[in-house]
Amino acid sequence: MNAPDRYERFVVPEGTKKVSYERDTKIVNAASFTVEREDHTVGNILRMQLHRDPNVLFAGYKLPHPLQYKIIVRIHTTSQSSPTQAYTQAINDLDKELEYLKQAFEDEKNRYEERMKQGF
């Protein structure tokens, strides 16, 4: 078949950066980040996290083509911040939220297993 191998959707090729940065030459405090081997799942959650930042004026993403496994995230910020700061802060905030969610899930799973041991 002509379909690409499944692993190409997830594995970043050697010599390729996971995230690359390109400053916008026409708009002050605007930039594009290309994130390799990601799709709508990461693009949408990252966009929504960027929208929570009051210094972000615009945040959006696109998939250039369905067979290209990358997203392009565009960020435009106020003068109090930079696109790189906003991107880094959004990633850090998402990491904290996901860690909290993981811990809450594990705590509830442990409570359930304890109840099952007690015969409930």
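Cut-offs used in this document
- Residues numbered from 1 in each chain as written.
- Predicted model: local features only at pLDDT ≥ 70, side-chain atom pairs only at ≥ 80, totals over all residues.
- Heavy atoms only, no water.
- UniProt positions renumbered as here; feature names shortened; annotations may be inferred.
- Helix = DSSP H or I, 4+ residues; strand = E, 2+ residues; numbered from the N terminus.
- Pairing = 2+ DSSP bridges.
- Axes fitted to C-alpha atoms, helices over the stretch in contact; angles between N-to-C directions.
- Contact = heavy atoms within 4.5 Å.
- Patch = residues over 30% accessible without salt bridge, like charges linked within 9 Å, V, L, I, M, F, W, Y side chains within 5 Å.
- Areas by Shrake-Rupley, 256 points an atom, 1.4 Å probe, with all protein chains shown as cover.
- Salt bridge = Lys/Arg side-chain N within 4 Å of Asp/Glu carboxyl O.
- Lys, Arg positive; Asp, Glu negative; His and termini not counted.
- Charge placed at Lys NZ, Arg CZ, Asp CG, Glu CD.
- Buried < 20%, exposed > 50% of the residue type's maximum accessible area, 1.4 Å probe, protein only.

Participant: What should I look at first to understand the UniProt feature "domain: DNA-directed RNA polymerase RBP11-like dimerisation" (unreviewed entry) in the chain in this one?
Facilitator: The UniProt record marks residues 31-103 with the feature "domain: DNA-directed RNA polymerase RBP11-like dimerisation" (unreviewed entry), using the residue numbering of this structure. The distance separating the terminal C-alpha atoms of residues 31-103 is 34 Å; by composition the span is 45% helix and 29% strand.

Participant: Just to check I follow, could you spell out the sheet that holds strand β4 (residues 70-77) for this structure?
Facilitator: The strands making up a sheet associate through backbone hydrogen bonding, with each pair oriented either parallel or antiparallel. The four strands lie next to each other as β1-β2-β4-β3, forming an open sheet whose pairing is antiparallel. With one partner strand each, in any of the chains shown, β1 (19-23) and β3 (56-62) form the two edges of the open sheet. Neighbour-to-neighbour, the strand axes of the sheet open up by a mean angle of 20°, direction not taken into account. Here five bridges tie β1 to strand β2 (residues 30-36), and the two strands are oriented antiparallel to one another. Its bridge partner being in β2, V19 is matched across the sheet by V35. Running at roughly 175° to β3, helix α1 (residues 40-51) makes contact with β3 and β4 of the sheet. Running over the sheet, helix α2 (residues 83-117) touches β1, β2, β3 and β4 and is turned about 40° from β2.

Participant: Sorry if this is basic, but what is going on with a negative patch on the surface here?
Facilitator: On the surface, a cluster of negative charge is made up of D95, E99, E106 and D107. Checked against the element boundaries, D95 lands in helix α2. The exposed category is assigned to D95, whose relative accessible area is 53%.

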